[in-house]
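So you can see what is in the structure, the chains are spelled out below.
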Amino acid sequence: MDLINMFLNLVAPPFTFFTLLLLWPPYQAFKCFISFLTFLFHENVAGKVVLITGASSGIGEHLAYEYAKRGAYLAISARRENRLRMVADRALELGAPDVIAVRADVSRVDDCRRFVEETVNHYGRLDHVVNNAGISHVCMLEEVDDVTNLRPVMDINFWGSVYTTRFAAPHLRNTGGKIIALSSSASWLPLPRMSVYNASKAAMSALFETLRVELGSDIHITIVTPGFIESELTQGKYLARDGKLTLDQDIRDAQVGIVPVERVDSCARAIVNGACRGERYVTEPKWFRVTYWLKVFVPEVIEWTNRMLYMTSPGEPAYEATTKKILDMTGAHRILYPESIQTPEIKTD
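Everything quoted here is computed from the prediction, not taken from an experiment.

### With respect to the overall build of the chain
Next up, step 1: The helix and strand tally for the chain stands at 13 helices and nine strands.
Next up, step 2: Taken over the C-alpha trace, the chain has a radius of gyration of 21 Å; the compact-globule value for 349 residues is 20 Å, and the two agree within 12%.
Next up, step 3: Over its C-alpha atoms, taken along the principal directions, the chain stretches across nearly 55 × 55 × 40 Å.
Next up, step 4: Residues classed as buried in the chain amount to 47% of the 349 residues present.
Next up, step 5: For the chain, the share of sequence-separated contacts (at least 6 apart) that also reach a separation of at least 24 residues comes to 74%.
Next up, step 6: As displayed, the chain offers around 17700 Å² of accessible surface, 59% of which is attributable to carbon and sulfur atoms.
Next up, step 7: For the chain, the distance from the average site of its 37 positive side-chain charges to the average site of its 40 negative ones is 4 Å.

As structure tokens, then:
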């Protein structure tokens, strides 16, 4: 066995390199051709049934509006029932033939089962499932006295997607449906103070990459990896180290810093377009994909840059981060941030 591994250590790298040189150009040409075809002949979701988790605000809310404009039937869920019903009413105004709003907590397996069952019982089918529900935290891991305070991040972001997908998969097989998984560029970008959130999004990406193999061509999967998007997360709502949801825009400025925040309606439109075209990956804003290639080819540069911009000296608060100082000195947030996230008002029940 050792001899076999020694042989592969010598042969596998050059063989792979020269194989890629030979096959990569025609492979990319084929992908471009397929992309052109899907651009011309993309899916029409009018009359189809779309289930969206975490639809009471942010990307989930605007995905509901985007699908509604295209004539889809909607099933939307979130924990804030009153807010969810407001989204349902707006979706009906925008063109959805019917909307059901189900209060559900995706971190509870029974809620996910009930939400899927109510959707299928009401509409008789299921075509798209959007795993969008998510929550973030902002704190250094060493600052957390009770590390279980961060468990909701994994329970909602990762396990919520597992539960919903497990119950929806049989119905999606029947319709040749699609799964849209809202992961994040944080799955590859090691932004400090968000270690468990980053891990939850990386776990989501790995989950749905594996499900591509398991589900085959029966169910298409689009993995979405947004950068900073207009939402409650970029407004400064996060889980603090004591496990309580907090709104702190100074911390937000330290985390987002001088990176532009994309408007949520543009992001939602790009996600639905990508899903209807059968794209495997959607990154918004599109330029943010360069951070992935930087992470692959020069990971030390990414780590050094994040440490320089976002980290502070021991004992200093996050507000002292270099990126926030630049933001404060230049007033760049008035240009880089949408007006909606510059207000401290959060949508609640």
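### Description of the pairing of strand β3 (residues 99-103)
Next up, step 1: With respect to burial, β3 is a largely interior element, four of its five residues being buried.
Next up, step 2: Here strand β2 (residues 73-78) runs beside β3; their pairing, made up of five bridges, is parallel. Pairing of Ser77 across the sheet is with Val102, part of β3.
Next up, step 3: Each parallel crossover has a hand, and the one from β2 via helix α3 (residues 81-94) to β3 is right-handed.

### Quick word on the packing of aromatic side chains
Next up, step 1: Applying the stated rule across the entire model yields nine aromatic pairs.
Next up, step 2: Note on Tyr292 and Trp293: the rings are 5.3 Å apart at their centroids and 80° apart in plane angle, and the pair reads as edge-to-face.
Next up, step 3: Given a relative accessible area of 28%, Tyr292 falls into the partly exposed group.
Next up, step 4: A relative accessible area of 47% means that Trp293 is categorised as partly exposed.

### Structural notes on the pattern of salt bridges
Where side chains of opposite charge bring their charged atoms close, a pairing between them can arise.
Next up, step 1: As enumerated under the stated definition, the model contains 22 salt bridges in all.
Next up, step 2: Taking the shortest distance from any N to any O, the salt bridge between Arg90 and Glu93 comes out at 3.3 Å. Linking Arg90 with Glu93, this pair stays in helix α3, spanning three residues, or about one helical turn.
Next up, step 3: The partly exposed category is assigned to Arg90, whose relative accessible area is 38%.

### Examining the packing of helix α10 (residues 290-297) against helix α11 (residues 299-310)
Next up, step 1: Viewed as axis vectors pointing N to C, α10 and α11 meet at an angle of 115°, and their least axial separation amounts to 5 Å. Of the possible angle classes, the one that applies to α10 and α11 is roughly perpendicular. Across the interface between the two elements, Thr291, Leu294, Lys295, Val296 and Phe297 from α10 touch Pro299, Ile302 and Glu303 from α11.
Next up, step 2: The residue inventory of the contact of α10 with α11, partitioned by class, reads five nonpolar, one polar and two charged.

How each quantity is defined
Just so you know, the residues in each chain are numbered from 1, in the order the chain's sequence is written. Since the coordinates come from a predicted model, pLDDT governs what is reported: local features require at least 70, and pairs of side-chain atoms require 80 or more to be given and counted, while whole-chain, interface and lining totals use all residues. Values shown for side chains rest on all heavy atoms present in the structure; no hydrogens or waters enter the calculation. Only runs of H or I of at least four residues qualify as helices and only runs of E of at least two qualify as strands under DSSP, and these elements are numbered from the N terminus. In this setup the radius of gyration rests on C-alpha atoms only. A globule is expected at 2.2 Å times the number of residues raised to 0.38. Partly exposed describes any residue whose relative accessible area lies between the buried limit of under 20% and the exposed limit of over 50%, with all areas from a 1.4 Å probe on protein chains only and scaled to the type maximum. Any two residues having at least one pair of non-hydrogen atoms within 4.5 Å are treated as being in contact. Surface accessibility follows the Shrake-Rupley procedure with a 1.4 Å probe radius. Residue values consider only the protein chains on display as shielding. Positive residues here are Lys and Arg, negative ones are Asp and Glu, while His and the chain termini are left out of the count. For charged residues, the charge sits on one atom: NZ in Lys, CZ in Arg, CG in Asp, CD in Glu. A pair of strands is considered paired only if DSSP assigns at least 2 bridges between the two. A right-handed crossover is one whose linking path, passing over the helix from the first strand to the second, runs clockwise when the strands point away from the viewer. Any two rings among Phe, Tyr and Trp, with Trp reduced to its six-membered ring, count as a pair given centres within 6.5 Å; such a pair is stacked if its planes are under 30 degrees apart, edge-to-face if over 60, and tilted if neither. A pairing counts as a salt bridge when a side-chain nitrogen of Lys or Arg comes within 4 Å of a carboxyl oxygen of Asp or Glu. What counts as an axis is a line fitted to C-alpha atoms, over the stretch in contact for a helix, and the angles between N-to-C directions run from 0 to 180 degrees. Angular relationships are summarised with four words: roughly parallel below 35 degrees, roughly antiparallel beyond 145, roughly perpendicular across 65 to 115, and oblique for the angles in between. In this classification, the charged set is Asp, Glu, Lys and Arg, the nonpolar set is Ala, Val, Leu, Ile, Met, Phe, Trp, Tyr, Cys and Pro, and all remaining amino acids, among them Gly, are polar.

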